[in-house]
Amino acid sequence: MLMEKNEFSRELDYLYSKSLVLESISDFHPVLWFHWMDAIAHIDYTLSIAAFSYESPRSLMAAEYMRWRVDEEKLGDRPLFKPFINWLKSEHPDTYARLPALWQGIYSDDDPAQYRSFRIVLDPGTTKPMPATFFHSMIDEFFKKDLIKSIYTGASLSRLFETFKANHQ
């Protein structure tokens, strides 16, 4: 039995109305692409469990991906992403300020936001759910043209990541 659409399912529809059809995703920097896609997956999972039953096929499929990505996050240069975000915060505050708020929150050492059981939790001290409109803004930030352009190999954020990597290995 399908539940009536709620405000969170409308945000899922909004997420899936977005497209990367005009982008060459194989040309994205692999670490930045992984964390971009990972953020989208966390948004999807958090919205799915708010929009549907936790045991719906959609939520179960998303949870399976999320379990897989835990090990994937540890491969190659991917573990450098969190220290890279914190480095941007101190060394390149203008670039840091243009990053999606979700990346700023989850990866900043100074922010309590985190992924808990694969859900996005901005304030672990509260049990109130995030408003659906917050997800709308989050989605828009990840699909901003400037961010997408910056994660191509050789583009601005990509070059900064490579500089950070070269100096921190």
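Structure: above.
A brief look at the structure comes next. (Residues numbered from 1 in each chain as written. Predicted model: local features only at pLDDT ≥ 70, side-chain atom pairs only at ≥ 80, totals over all residues. Heavy atoms only, no water.)

### Considering the side chain of Thr 46
Then step 1. Relative to the assigned elements, Thr 46 resides in helix α2 (residues 30-51).
Then step 2. Side-chain polar atoms of Thr 46 contact the backbone oxygen of His 42, separated by 2.8 Å. (Helix = DSSP H or I, 4+ residues; strand = E, 2+ residues; numbered from the N terminus. Polar contact = N/O pair within 3.5 Å; in protein donor to acceptor, adjacent residues only side chain to side chain.)

### Describing the pattern of salt bridges
Then step 1. Here the structure, examined in full by the defined rule, presents 13 salt bridges.
Then step 2. The partner of Glu 64 in a salt bridge is Arg 67, with the nearest N and O atoms 2.5 Å apart. A residue pair is termed a helical-turn pair when its members lie 3 or 4 positions apart in one helix, as Glu 64 and Arg 67 do in helix α3 (residues 57-72) at 3 residues.
Then step 3. Among the ionic pairs, Asp 77 bridges to Lys 165, the shortest N-O distance being 2.8 Å. You can see Asp 77 sitting in the loop between α3 and α4 (81-91) and its partner Lys 165 sitting in helix α9 (residues 156-167), a full 88 residues away along the chain.
Then step 4. A residue is classified by how much of its surface remains accessible, and Asp 77, at 24% relative accessible area, is partly exposed.
Then step 5. Among the residues examined, Lys 165 registers a relative accessible area of 17% and is labelled buried.
Then step 6. Here the residues in one salt-bridge network are Asp 38, Arg 69 and Glu 73, joined through shared partners. (Salt bridge = Lys/Arg side-chain N within 4 Å of Asp/Glu carboxyl O. Buried < 20%, exposed > 50% of the residue type's maximum accessible area, 1.4 Å probe, protein only.)

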